[in-house]
Amino acid sequence: MSTETLAAAFATARGVLSNVTADQLDDPTPCASWDVRRVVNHLVGGAHWFEITTNAGASPEADDTEDTDYTTGDIVAAYDTASAGALAAFGADGALERMITLPFGTFPGAGFMALATVDHFAHAWDLARATGQSTDLAPEMAEQLLSAAQAMIPDQFRGPDGVAPFGPEVAVDPTACAADRLAAFLGRAV
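A brief report on the enclosed structure follows. Keep in mind that what you see is a predicted model, and the values were worked out from it rather than measured.

Considerations on the packing of aromatic side chains
Each aromatic ring pair is summarised here by two numbers: the centre-to-centre distance and the angle between the ring planes.
Here comes step 1: Scanning the entire structure with this criterion turns up 6 aromatic pairs.
Here comes step 2: The interplanar angle of 50° and the centroid separation of 5.1 Å between the aromatic rings of Phe50 and Phe112 together place this pair among those described as tilted. Here Phe112 lies in helix α4 (residues 109-130) and Phe50 lies in helix α2 (residues 36-56), a separation of 62 residues in the sequence.
Here comes step 3: Judged by relative accessible area, which is 4%, Phe50 ranks as buried.
Here comes step 4: Look at Phe90 and Phe112: their rings are 5.7 Å apart centre to centre, the planes differ by 55°, and that puts the pair in the tilted class. Of the two residues, Phe90 is situated in helix α3 (residues 75-91) and Phe112 in helix α4; the sequence distance between them amounts to 22 residues. When sorted by exposure, Phe90 lands in the same class as Phe112, which is buried.

Considerations on the pattern of salt bridges
Here comes step 1: Inspection of every chain in the model, using the stated rule, returns 5 salt bridges.
Here comes step 2: Between Arg14 and Asp80 there is a salt bridge, with the nearest N and O atoms lying 2.6 Å from each other. Remark: Asp80 occurs in helix α3 and Arg14 occurs in helix α1 (residues 4-17); sequence separation between them is 66 residues.
Here comes step 3: For Arg14, a relative accessible area of 36% puts it in the partly exposed group.
Here comes step 4: The residue Arg181 makes a salt bridge to Glu143 at a minimum N-O spacing of 2.3 Å. Remark: Glu143 occurs in helix α5 (residues 139-152) and Arg181 occurs in helix α6 (residues 178-185); sequence separation between them is 38 residues.

Digging into the environment of Gly132
Here comes step 1: Among the secondary structure elements, Gly132 is positioned in the loop between α4 and α5.
Here comes step 2: Accessibility expressed as a relative area gives 69% for Gly132, which makes it exposed.
Here comes step 3: A sequence separation of 108 residues divides Gly132 from Gln24, and the C-alpha atoms of the two residues are 9.9 Å apart.

Overview of the packing of α2 against α4
Here comes step 1: At their nearest, the axes of α2 and α4 sit 10 Å apart, and the two run at 165° to each other. Between α2 and α4, the angle falls in the class roughly antiparallel. Between α2 and α4 lies a crossing whose hand is left-handed. In contact with Val36, Val39, Val40, His42, Leu43, Gly46, Ala47, Trp49, Phe50, Thr53 and Thr54 of α2, α4 contributes Phe112, Leu115, Ala116, Asp119, His120, His123, Leu127 and Ala130.
Here comes step 2: Of the residues that constitute the contact of α2 with α4, the class distribution is 12 nonpolar, 6 polar and 1 charged.

Rules and cut-offs
- Residues numbered from 1 in each chain as written.
- Predicted model: local features only at pLDDT ≥ 70, side-chain atom pairs only at ≥ 80, totals over all residues.
- Heavy atoms only, no water.
- Phe/Tyr/Trp six-rings, centres within 6.5 Å; stacked < 30°, edge-to-face > 60°.
- Helix = DSSP H or I, 4+ residues; strand = E, 2+ residues; numbered from the N terminus.
- Buried < 20%, exposed > 50% of the residue type's maximum accessible area, 1.4 Å probe, protein only.
- Salt bridge = Lys/Arg side-chain N within 4 Å of Asp/Glu carboxyl O.
- Axes fitted to C-alpha atoms, helices over the stretch in contact; angles between N-to-C directions.
- Parallel < 35°, antiparallel > 145°, perpendicular 65-115°, else oblique.
- Left-handed = near helix turned anticlockwise from the far one by under 90°.
- Contact = heavy atoms within 4.5 Å.
- Nonpolar A, V, L, I, M, F, W, Y, C, P; charged D, E, K, R; others polar.

This is the structure we're talking about:
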């Protein structure tokens, strides 16, 4: 297994981030409790967290990776640095086979990388939607991620915003683009 799909998800998110403007940072997003600024900080800080956690084999006791406001500087440069670090961590020898301990379970590195991939792609969709960009992101990858998410995300991971990682699945037109169908499966109103 390679980091190719994760790199593609990072590239998709980078493309959306490069079109986010300062006057949009306080706008709402499909993540009900997060504005654009919070999603940007989650993407950059989250990439750092994936790197730190993969390298350590466990999530840090104190997670301060999203405490920095990355929107005060060059968002794209900050994301480039963070995503490069995460790719290097996942690409290290044995990283995908190593077991990673998280607050909600222990997973092989490959499964943790799959989580990182869906997380970054889904939040790229959130930003695209919030900032008026096309949500028809990387159609082939979106189809693959939707299939993987449908196989991997159990109902116990669904619940209210801020309580569970994913909201209840939202009904969507079956002819919607794959990224919109993935977003709906993850609980976003499309």
